[in-house]
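Each chain, written out:
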Amino acid sequence: MRKALLLVCLILNSYLLFAQKIVTGKVVDAKTGTPLAGASVKSRLGKAGTSTDNDGIFKVQVAGSNDVLEISIIGYSPQSFPLNGQSEVTLALQPAASSLQDIVFVGSRGAGRAKTETPVPVDVIKVNQVGLPTGKMELTSLLNMTAPSFNYNKQSGGDGADAIDLATLRGLGPDQTLVLVNGKRRHQTAFVALFGTRGRGNSGTDLNAIPEASIDRVEILRDGASAQYGSDAIAGVMNIILKRDVNHLAVSAGYSAYYDHKYNSLNSVQPNQYVTGSWFDGQTFTFGLNHGFSLGRQNGFLNYSLNFMSQGKTFRQVPDTNIFSNPKALPVNNVRRAMGDGSVTSGGIMINSEIPLAGTRTTFYAFGGYNYKNSNVYAYSRNFTGHPERFPNDGNGNLIFVPGIMHFAGPASISYTNPVNINSASDIYYNPKEDVHITDASLSFGLKGDIAEWDWDLSNTAGGNNFHYYGDGTFNASLGAAGATRNHFDDGGFYFFQNTINLDVSRQYKSVAEGMTLAFGGEYRYEQYSVYKGEQASYLNYSTQPVAYPNGDTTYPATGAQGFPGFQPADVRKATRSNIAGYGDVAIDITKAWLVDGAVRLENYSDFGFVNTYKFATRVKLPNHVNLRASVSTGYRAPSLQQINFSNTESNVIAGVPSLVKIAPNYSPITRAAGIPDLKQEKSVNASVGGTWKPVNNFTLTVDGYWVKITNRVVLSGTFQATDNTLNSKLTSALQALQVNSAQFFANAVNTTNYGLDVVADWSQTWGRNKLSVLLAGNLQHMNIDKVNVPAELNDTYLHQQTFFSGREQYFVKASAPPAKVSLNLQYDVNKFTVGTHFTYFGQIKLEGYGYSGDNSLLGTGKQGDPNLIGTGITPVVNLGADQSGPLVPEIFDYHGKVVSDLFFSYRFSKKVSLFWGVDNIFNVHPDLGIVPGANAQSFDGETGGPWDAVQMGYNGMRPFAKLAVNL
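Residues numbered from 1 in each chain as written. Predicted model: local features only at pLDDT ≥ 70, side-chain atom pairs only at ≥ 80, totals over all residues. Heavy atoms only, no water.

A. Inspection of the overall build of the protein at higher detail. Counting its secondary structure elements, the protein contains 9 helices and 50 strands. The C-alpha atoms of the protein give 31 Å as radius of gyration, which agrees with the globular expectation for 968 residues (30 Å, within 12%). In terms of overall dimensions, the protein has a C-alpha envelope of 130 × 60 × 50 Å along the principal axes. Looking at the protein as a whole, 60% of its 968 residues are labelled buried. Within the protein, residue pairs in contact and separated by at least 24 positions form 71% of the contacts whose partners lie at least 6 positions apart. In the structure as shown, the protein presents an accessible area of about 36000 Å², 58% of it carried by carbon and sulfur atoms. Charged side chains in the protein number 76 positive and 75 negative. The centres of these two groups are separated by 9 Å. (Helix = DSSP H or I, 4+ residues; strand = E, 2+ residues; numbered from the N terminus. Rg over C-alpha atoms; globule rule 2.2 N^0.38 Å. Buried < 20%, exposed > 50% of the residue type's maximum accessible area, 1.4 Å probe, protein only. Contact = heavy atoms within 4.5 Å. Areas by Shrake-Rupley, 256 points an atom, 1.4 Å probe, with all protein chains shown as cover. Lys, Arg positive; Asp, Glu negative; His and termini not counted. Charge placed at Lys NZ, Arg CZ, Asp CG, Glu CD.)

B. Summary view of the sheet that holds strand β16 (residues 236-242). Taken in spatial order, the 5 strands line up as β10-β15-β16-β13-β14 in an open sheet, and their pairing is mixed. Of all strands in the sheet, those with a lone pairing partner are β10 (122-126) and β14 (184-185), marking the two edges. As paired strands, β10 and strand β15 (residues 215-221) are joined by 5 bridges and run antiparallel to one another. What sits directly across from Lys126, in β15, is Arg217. Taken strand by strand, helix α3 (residues 139-146) contacts β10, β15 and β16, and its axis lies near 50° from that of β15. (Pairing = 2+ DSSP bridges. Axes fitted to C-alpha atoms, helices over the stretch in contact; angles between N-to-C directions.)

C. Fine view of the environment of Leu69. Following the sequence through the fold, Leu69 ends up in strand β5 (residues 68-72). Take Leu69: its relative accessible area is 0%, and that puts it in the buried class. Taking the C-alpha atoms as reference points, Leu69 and Val41, 28 residues apart in sequence, are found 6.5 Å from one another. Beyond its immediate chain neighbours, meaning those up to four positions away, Leu69 contacts Val23, Val41, Lys42, Phe58, Val60, Val62, Gln79, Ser80, Phe81, Leu83 and Leu91.

D. Highlighting the packing of aromatic side chains. For the coordinates displayed, the defined rule picks out 28 aromatic pairs. Summarising the aromatic geometry, the rings of Phe720 and Phe745 are spaced 5.2 Å apart at their centres and angled 80° between planes, so their arrangement reads as edge-to-face. Of the two residues, Phe720 sits in strand β39 (residues 720-721) while Phe745 sits in strand β40 (residues 742-767), which places them 25 residues apart along the sequence. Of the two residues, Phe720 and Phe745, both sit in the buried class. These aromatic residues form a ring-pair network of at least three members: Phe191, Phe467, Tyr469, Phe494, Tyr529, Phe564, Phe567 and Phe646. The aromatic ring of Tyr365 is capped on one face by Lys448, whose charged end is 5.3 Å from the ring centroid. (Phe/Tyr/Trp six-rings, centres within 6.5 Å; stacked < 30°, edge-to-face > 60°. Lys NZ or Arg CZ within 6 Å of the ring centre and 35° of its normal.)

E. Summary view of the side chain of Arg382. Here Arg382 shows up in strand β22 (residues 382-383). For Arg382, the side chain forms a polar contact with the side chain of Gln562, separated by 2.9 Å. (Polar contact = N/O pair within 3.5 Å; in protein donor to acceptor, adjacent residues only side chain to side chain.)

F. Local environment of the pattern of salt bridges. Per the counting criterion, the structure on display carries 37 salt bridges. For Arg577, the salt bridge identified is with Asp607, shortest N-O distance 3.1 Å. In this pair, Arg577 is assigned in strand β31 (residues 573-589) and Asp607 in the loop between β32 (594-605) and β33 (609-622), connecting sequence segments 30 residues apart. Given a relative accessible area of 36%, Asp607 falls into the partly exposed group. A salt bridge links Glu682 to Arg637; the shortest N-O distance between them is 2.9 Å. Linking Glu682 in strand β37 (residues 682-696) with Arg637 in strand β34 (residues 626-637), this pair joins segments that are 45 residues apart in sequence. An identical accessibility class is assigned to Glu682 and Arg637; each is buried. Through salt bridges with shared partners, one network takes in Arg185, Asp232, Glu523, Arg525, Glu527, Arg577, Arg601, Glu603 and Asp607. (Salt bridge = Lys/Arg side-chain N within 4 Å of Asp/Glu carboxyl O.)

G. Structural view of empty space enclosed by the protein. Under the counting rule described, the total for this entry stands at 14 cavities of 30 Å³ or more. Of the voids in this model, the second largest cavity is the one considered here, and its volume is about 560 Å³. Considering the residues around the second largest cavity, the lining is formed by 28 residues, among which Lys136, Tyr152, Tyr258, Met953 and Arg959 are closest to the centre. Breaking the lining of the second largest cavity down by element, the ones donating at least two residues are α3, β43 (833-842) and β48 (898-908). (1 Å grid on protein atoms, 1.4 Å probe; cavity = no way out; pocket = protein on both sides within 12 Å on 5 of 7 lines; lining within 4 Å. Points joined across faces, edges and corners; volume = space filled by probe spheres on them.)

H. Focus on the confidence of the model for the protein. For the protein, mean pLDDT is 87; residues scoring 70 or higher make up 92% of the total. Low pLDDT, under 50, characterises residues 5-19; the stretch is placed with 3 contacts to residues that sit more than four places away or in other chains. (pLDDT = per-residue confidence, 0-100.)

I. Seen up close, the environment of Thr613. As for its placement among the helices and strands, Thr613 is situated in strand β33. Thr613 sits 576 residues away from Ala37 along the chain, and the two C-alpha atoms are 28 Å apart. When sequence neighbours within four positions are dropped, the list of residues in contact with Thr613 reads Ser226, Ala227, Ala599, Val600, Arg601, Thr634, Gly635 and Tyr636.

J. The arrangement of helix α9 (residues 807-815) in detail. For α9, the full list of buried residues reads Arg808, Glu809, Phe812, Val813 and Ala815. Viewed along the axis of α9, the buried residues span an arc of 165°, placing them on a single side of the element. As for α9, its buried residues are in contact with β38 (699-716), β40, β41 (770-788) and β44 (845-848). (Arc of directions from axis to C-beta.)

K. Spatial organisation of unusual backbone geometry. One non-glycine residue, Arg170, adopts positive backbone phi at about 55°. Position of Arg170 relative to the elements: it lies in the loop between β12 (168-169) and β13 (177-181). We classify Arg170 as buried; its relative accessible area is 1%. Phi is positive for Asn712, which is not a glycine, with a value near 65°. Turning to its location among the elements, Asn712 is positioned in strand β38.

L. Focus on the nonpolar core. With 35 residues, the main nonpolar core has Phe191, Phe467, Phe494, Phe646 and Phe746 as its most contacted residues. Elements represented by at least two residues in this core include exactly β25 (433-451), β26 (454-472), β27 (488-509), β28 (516-532), α5 (641-645), β36 (657-664) and β38. For Phe746, the contacting residues outside a window of four places in its chain are Val192, Leu194, Gly201, Gln643, Phe646, Ile663, Asn666, Ile676, Leu679, Val714, Val715 and Leu716. (Core = buried A, V, L, I, M, F, W, Y, C linked by side-chain atoms within 4.5 Å.)

M. Local environment of the sheet that holds strand β6 (residues 79-82). Read from one edge to the other, the open sheet built from 4 strands follows the order β3-β2-β5-β6, with strand pairing classed as antiparallel. Looking at strand neighbours, the two that pair on one side only are β3 (49-51) and β6, the edges of this open sheet. The mean angle between the axes of side-by-side strands here comes to 20°, regardless of whether they run parallel or antiparallel. Relative to β6, β5 is paired through 4 bridges, and the arrangement is antiparallel. Bridging from a neighbouring strand, Glu70 pairs with Ser80 of β6.

N. Main features of the pairing of strand β50 (residues 959-967). Across 7 bridges, the pairing between strand β17 (residues 250-259) and β50 is antiparallel. What sits directly across from Ala250, in β50, is Asn967.

O. View of a nonpolar patch on the surface. Residues Ile355, Leu357, Phe364, Leu443, Phe445 and Leu447 make up a contiguous nonpolar surface patch of roughly 460 Å² in combined accessible area. Among the elements that line the nonpolar patch, the one with the most residues is β25, at 3 residues. By the secondary structure assignment, Leu447 is in strand β25. Residue Leu447 is classed as partly exposed on the basis of its relative accessible area, which comes to 33%. (Patch = residues over 30% accessible without salt bridge, like charges linked within 9 Å, V, L, I, M, F, W, Y side chains within 5 Å.)

P. Summary view of helix α7 (residues 729-737). Of the residues making up α7, those classed as buried are Leu731, Thr732 and Leu735. All buried residues of α7 fall inside an arc of 90° around its axis, so they share one side. Within α7, the exposed residues directed more than 90 degrees away from the buried face are Lys730 and Ala737. Where α7 starts, the residue carrying a side-chain oxygen 2.8 Å from the main-chain nitrogen of Lys730 turns out to be Asn728. Just downstream of α7, Gln739 is the residue with a positive phi angle, here 60°.

Set out below in structure tokens:
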């Protein structure tokens, strides 16, 4: 009997063993094909279960060929899948129609989490959704409209800043935000921002160099993450996720133009005084294409995207110049007669691919692209009456008139080319053009897979940015008569290259508490920065003797190409450095409601030494779908190679007069003569606390407060004047020998504290064929300048302290953290038709000018109003009254908060074709004029040379647009 029972048991056990089998597969998004990490996979008949890895791949034991797999993940409809004898499957999940959840990976080294359940705040921006119903044509401007604490302003007249739209998070510097593409570090631009309200003295990443058609979504981690991703993630991390679509062709084309019936230069009462365009200017055409196809039989793919954009110039001036009768009038702007945005032509390609290696659990991947951009912008005007030495002459001071480049401010008569007939009312002028050519190239490739439940990823990412200046429609007056025909110059430029090798390893432990993810890895990064010189005629002075000009001046003709003097041999530099780092990250679900995450990172810079950074974050789930979260972290950012090594002579406008400013590198003897020490690292402490509430599927509220303290911020110093005899004579003599008016330096000038609040509320309601969506996103913040780190050699007098970093420079730092930006988006869909609005409130900021005026009774006192301070930006003042005879008042430009309103429509002709049209800034709202009310006579003293400084809302006015989207 016992033998019979034993035999039966053996037979049954053999049957069960035979029935058990292993099934492998992949879980993907049904719409995009994107692998879904962290999806639960369970056997219905057996007890086995598992979850997908970062590539969406799983392996599970099932109870026979007729078992059923049950798949689930937050944000997707659960699915039951009968095996029917299959041992290898691909399972496509449909996004849950009523769910507003997004699964995000940035901020976590393990599987993704729903964005409302992360321990730190993360925004998810679907580029296709926000990019079509607006006249904004570039990624940076789209994100500025959508993300609460994302800020940028379009620069004009900033010596290259017109071509690069540098953005910030939470009011910090653009180089304090790390940008990733598919989780891999993106290289920065070689450019350093020198003028304008945002990012002075900083570099950053050119987001517009990534083709918009290639982007699926952008994840914005609004929290310090240096311990997880690297030392430059003080403000946060942006992770750009590329598309993975296959067998799907998406094509889009768009057109927009500005129609500013108020400030278009054509509207001026004296149009001869300005360069003008058309009533519809800034005309922009865009084209985007995305397509993909499968590779091999293991769900491999290759997705590629193309982008093209052509954008024309804009021209803006205040129309009325009668300041004696109209309080809203400004005098003729002879500082910058061609004020407005430059033109841009750009095109790029991006690829994204993966190929699973047959017979292994390893996948090869590669992505990268190339982008070319040409920006052409008018520089400040050169007027013969004020500065004849900037014009070609016959050797006796007489103007050589060059048609097509030079213009008549008064009646167009050739007799006015005679110097005796030229005056301020009938001047002759020209506007040099800065022509910038930028190339971006990047390539990332690697292998990833899993071994014994450990996920691993080994990659190499290389990228470079080349920034090349040319001068066009300009002159080197020192060439004499021959200079009249030399109108194009190669000014040189700079290049930045970065190569990063990463190894990332992670594992999920389901049996530890309620789940634990352990991650660690290493990084080696190599960087190279170089400055290359321009042609000799772009920077050299060929004059051997001074020239007597008709205005009575006897002086040497101006040096180099006007607009942007070329880089000189003394500027040439090639610098390199390396960085090696290791990190560890542990995230534990202590209970089903309580998550704790900690990270540590060790780094060693070849030029700045060893550093360690830390982060701790936690999240607690409470009843009623409430999540509370908090974090604290430290950060460290070494000065960039650009900040250490940049050197050039720039054009700027000071008190209405174009001037040459020497930007001296940190290693220069000129910098040492000014008393500026070696640059050192920035350090930060970052804390945040907030939460989310999702009471129902169609409503989500997130509220997060933050506090960021940074010491030794690297910014651009104040202006050191060549005529200031209180400064070190070695410095002033060096500046005079260079024939420049002043100098500025990179310095660890300030300690700051930023604190603020981010609020995002998202609600939608569907009934029948109708849907109403409401999105409110706001950021309120404030920046304190805790300390100005005046070097010992400059800390002797108030004048020297202000020269190093004046109140004017402090205003510019604070303007990088505007106190408020709130957007309200409303959208109503019915059948195939959509109507929507965007309302964006841009908060108040204040800036200072350079100072036009002074009081002779205060001469030599160093106090506000001292005539010696005119044009220095130190406690600047202006005179009230159209005749400039009124009392002196501080020169503070108050840009009050204003609301910009957009209106858009769309119609879906079919599932494949949709049309979008509308008007941005439908009420043609502009910033306040950059003047002191009542001191209109003393205008154009900002950094654009025009009626406004560069502020977030822009000054171009109303913008109609239309876009066509085709999906096949």
